[in-house]
Amino acid sequence: MVAVLALSATLAFGQERSRFAGLSLSAALRALQAEGLRVVFTSTIVTPDLRVRSEPRSSAPRRQLDELLAPHGLRAREGPGGIIQVVRAEPASVESGAEPSAVATGAIEGRVVHAFTGAPLSSVPVQVDGTTLGARSDANGRFLMRGVEPGSRTIRASTAGYDAAARTISVARGRSAAVTLALTPRPGTHTEHVTVSGQGPARQVRGVASETTIERGQLMPLHGATGDDLFRTVQALPRVAALDDFRSEFAVRGSPFRHVEVVVDGVATPWLFHTAYGRGTTGSVAMLTGHVLEEATLRAGAYPHRYSDRLGAQLDLAIREGSRADVQLRGAIGGPNATVVGEGPIGRSDRGSWLVATRQSYLEWPMQDEAAMRTAFGFSDTAAKLVYDVRPGQQLAVTLLGGVSSVDDDDDDDNRVPNELGEGSNRTSVVNLGWRSIVGAALVLRQRAYIVNHDFLNKDQAGQQVERGGDREVAYRADVTRPIGRALLETGAQVGRSAVEYVPPAEAGTDSFSGSSWTRSAYAHVTWPVTSTLTLSPGLRVSGSTLLPHRTASRWVLGEWSFRPQWALTASAGVSYQPPELLQVRGGAGAGGLRPEGARYVDVSLERRVASSVRWQATFFNRAERDILREPDLRPRLVEGRLVGPPADAAYANVLRGSASGIELQVDRRAPLGLSGWAAYSYGKTRYTDIERHETYWADLDQRHAMNIAGVYAISRRTSVGATFRVGSNFPVPGHLVARDGRLFVGSSRNQVRLPAYARLDIRADRAFESLGRRLTLFGEMLNVFNRSNLGLANGSIYPLTGEATGFTDTLFPRRVGVGVLVEF
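Numbering of residues begins from 1 in every chain and follows the order in which that chain's sequence is written. Restriction of local features to residues with pLDDT of at least 70 applies here, the model being predicted, together with a cutoff of 80 or more for giving and counting side-chain atom pairs; totals for whole chains, interfaces and linings are based on all residues. For side-chain calculations, the full set of non-hydrogen atoms in the structure is used, while hydrogens and water are omitted.

## So, the nonpolar core
Alright, step 1. What makes a nonpolar core is a set of buried Ala, Val, Leu, Ile, Met, Phe, Trp, Tyr and Cys residues whose side-chain atoms join them at distances within 4.5 Å. Accessibility here uses a 1.4 Å probe with only protein chains present; expressed as a share of the type maximum, an area under 20% marks a residue as buried, one over 50% as exposed, and anything in between as partly exposed. F231, F250, L288, V292, L315, L317 and L401 are the most contacted members of the largest nonpolar core, which totals 40 residues.
Alright, step 2. Those elements that place two or more of their residues in this core are helix 6 (231-234), strand 14 (250-252), strand 15 (261-264), strand 19 (293-300), strand 20 (314-319), strand 23 (352-361) and strand 27 (443-460).
Alright, step 3. Note on definitions: a residue-residue contact is assigned when non-hydrogen atoms from the two residues lie within 4.5 Å. Discounting residues that sit within four places of it in the chain, L288 has contacts with D228, L230, V264, L293, L317, I319, R359, D381, A383 and L401.
Alright, step 4. A135, M145, V148 and A157 belong to the second largest nonpolar core, which has 20 residues in total. In this text, helices come from DSSP runs of H or I with a minimum length of four residues, and strands from runs of E with a minimum of two, each type numbered from the N-terminal end.

## Some thoughts on the pattern of salt bridges
Alright, step 1. Salt bridges are defined as contacts in which a side-chain nitrogen from Lys or Arg sits within 4 Å of a carboxyl oxygen from Asp or Glu. One pass over the full model with this rule turns up 36 salt bridges.
Alright, step 2. Salt-bridge contacts for R156 lead to D129; the nearest nitrogen and oxygen are separated by 2.7 Å. Of the two residues, R156 is situated in strand 8 (residues 151-157) and D129 in the loop between strand 5 (125-128) and strand 6 (134-136); the sequence distance between them amounts to 27 residues.
Alright, step 3. With a closest N to O distance of 2.9 Å, R595 and D627 form a salt bridge.

## As for unusual backbone geometry
Alright, step 1. For the peptide bond that leads from W365 to P366, omega is 0 degrees, which places it in the cis range.
Alright, step 2. With respect to the element layout, P366 can be found in the loop between strand 23 and strand 24 (378-391).
Alright, step 3. One non-glycine residue, D627, lies in the positive phi region at around 55 degrees.
Alright, step 4. Topologically, D627 is positioned in strand 35 (residues 614-630).
Alright, step 5. Look at N787: it is not a glycine, yet its phi comes out positive at around 55 degrees.

## Some thoughts on the sheet that holds strand 49 (residues 804-806)
Alright, step 1. Reading across the sheet, the four strands line up as 43-44-49-48 and stay open at both edges, with antiparallel pairing between neighbours. The open sheet is flanked by strand 43 (737-740) and strand 48 (797-798), the only strands paired with a single partner. Think of it this way: DSSP has to see at least two bridges between two strands before they count as a pair.

## Examining the sheet that holds strand 16 (residues 267-268)
Alright, step 1. Pairing is mixed across the open sheet formed by five strands, whose spatial order is 12-19-20-15-16. Because the sheet does not close on itself, it has two edges, and the strands there are strand 12 (210-215) and strand 16.
Alright, step 2. In this sheet, strand 16 lies alongside strand 15 in antiparallel orientation, the contact comprising two bridges. Opposite V263, over in strand 16, you have A268 as the bridge partner.

## Notes on helix 3 (residues 61-69)
Alright, step 1. All buried positions along helix 3 are accounted for by Q64, L65, L68 and L69. Along the long axis of helix 3, the arc covered by the buried residues comes to 125 degrees, so they all point the same way. Read the arc as the range of directions from the helix axis to the C-beta atoms.

## Examining the confidence of the model for the protein chain
Alright, step 1. Considering every residue of the protein chain, the mean pLDDT works out to 84; 88% of them sit at 70 or more.
Alright, step 2. Per residue, pLDDT captures the predictor's confidence, and it can take any value from 0 to 100. Counting interchain partners and residues more than four positions distant, the pLDDT-below-50 stretch residues 1-17 has five contacts.
Alright, step 3. Note that residues 188-201 has pLDDT below 50 and, in this model, 46 contacts with residues that lie over four places away or in other chains.

What follows is the structure, encoded as structure tokens:
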């Protein structure tokens, strides 16, 4: 508490010294309003691009107002009742000899609206291609830009959740040109109402009770330099639990990561991780740098299943487009890797853009000497995106992802053991081609073809192959969005082929495996505004494959009711399925009679928007699972007092039934300056019953209590500080174990021993410097500030003679300090 108060006092002192300089003019005026100055203004007059150039000299708020307005050609006009209105200053007379800029140039005014409903869209950035001129739409969707050079100009509007819109218009000298920009919603982002609340948090999909979105401005300050891993920011989101400090995978509401659907630009793939396969305990890093992300959205419970069949949460990642204005280059060095990002327009007409980011590690991960039992690896990856407007209403988009992680044993030749593992590599690549067509005034067709390829290879000390495997997926999908009356219909279909190949080590005693299957699926989702305050959204997804004789029909219904101003009640329910993978059916431990896993969800959420940027939310959730796969037994257990080893013919089986329920409390705030972030607490229980063994136990990822707090305090547009605090009661140690005299032994009951409670505080600060069009940002961070000794899970072993279990836990991050630099050209 003392440290927090001291930090607050320091920040307040810094703000007093430079209170307004660098702020947007609108933010400075709101600060004067907070002091009691009765000033009113509109975003048409005080546009978002206006900034305070220098600190006012006067200490009186009324005189400060005049000093703030004067450099922008604005003035304060006194009105009745002490109201002060911000208006434009009278232009200089043309007869005075100097032609005013308003006459020498032109202006553009217009509106930004929803392409289907015509509703105004607020806070949408609007830009004139090839210039630095820009504005942001107000509550009525209107904007105004002055000082536009006469001639043919292309104006563009884009915002999260909508496809960019562009119009080319003619601007005359001394005149104002009018334009309307209609933005088309991407699948799953349509809403029937406009909430005039500035930067306040909001859901992308109406009716999804449990949805959280992190935009680009929040991703970078929170994801940190260590590992440059955006998934570690996701780990701090509400209702999310990190598995340990060294791994990017996470759990949501007690559900494992294999149930999580990861979607990148409309492609679902679970293989976007750097790691070392077949190396025992190791770590992982997301194969995607946060520098290229536009936003990340996490949905839990019932939500529209558009991309694949999964039981758990959905993490939807959108890669941003490159700049259409000019070429930009930035480089970042920090943690174990360095990143270079380039972007710019395509062609002189600014009809497209390109974006390329390359990351290379110069230190191995995990970076910890004490964690010698974890296999360290180096990694590199590249992400690229190209967008081009072929013609009006037709857009081509190409996304390329690729990465490789490698283990290289650097032992001397004299110390090498031929049968031990030596080199190892893991490669993943994604090629994603998309075509968007706007047909008529309302129908949007999106087509996508993609290839995902994943391979790994391990060699021994003599350079001979020990183990290898790979996964491949080729698919085509088409999505159509169109209004039907007052409702919005989204529908789509997909067909694809998946293939797996695996060659196990010789000592594994299992045969090599290769196989393939075809999958087919189709979905439909309707967003129906029953009334102005009630929205219902039902949906259905039908899937089938050549791997299983079973077809599945996932369904959901979402509802949102704004029963009072600033209040909303959201409820969602659904049933979803997840088919087994090829290896689980036809691999060495596979079983031919497997069925898809199934789950039923119910979420109910009450939300209150306290202010335009602040809301709180309380959510109750319940999940019932059936036909969950039990993995093959790998370790012994006690049965009637006897130590029984794993059966030789152990295989996957649909013998588990589960239940999860709990409550989640959340408060979040979003603001351009000041504090932005969230604080969330969750309580839940996840339990499984093995119907074959008649055994009931807590799930491997059951965690009763968890608290995630993350925030960024923007002192100014150049300086910010951030902190992330995560605490949890922690998970069981998977297996039939019992603790005696401080040691672990084989037991008769599963998941009776738990890890000690987990707690970790990370802090981060950055400061930007600008000169001659260049920007340099210095940042530093401290992980595990209190140097707490947290424990994570590891691949342990059991001594058959004594039954003692060792190596099942591992020490996580100690206190670690990191610094870095980001250079932008």
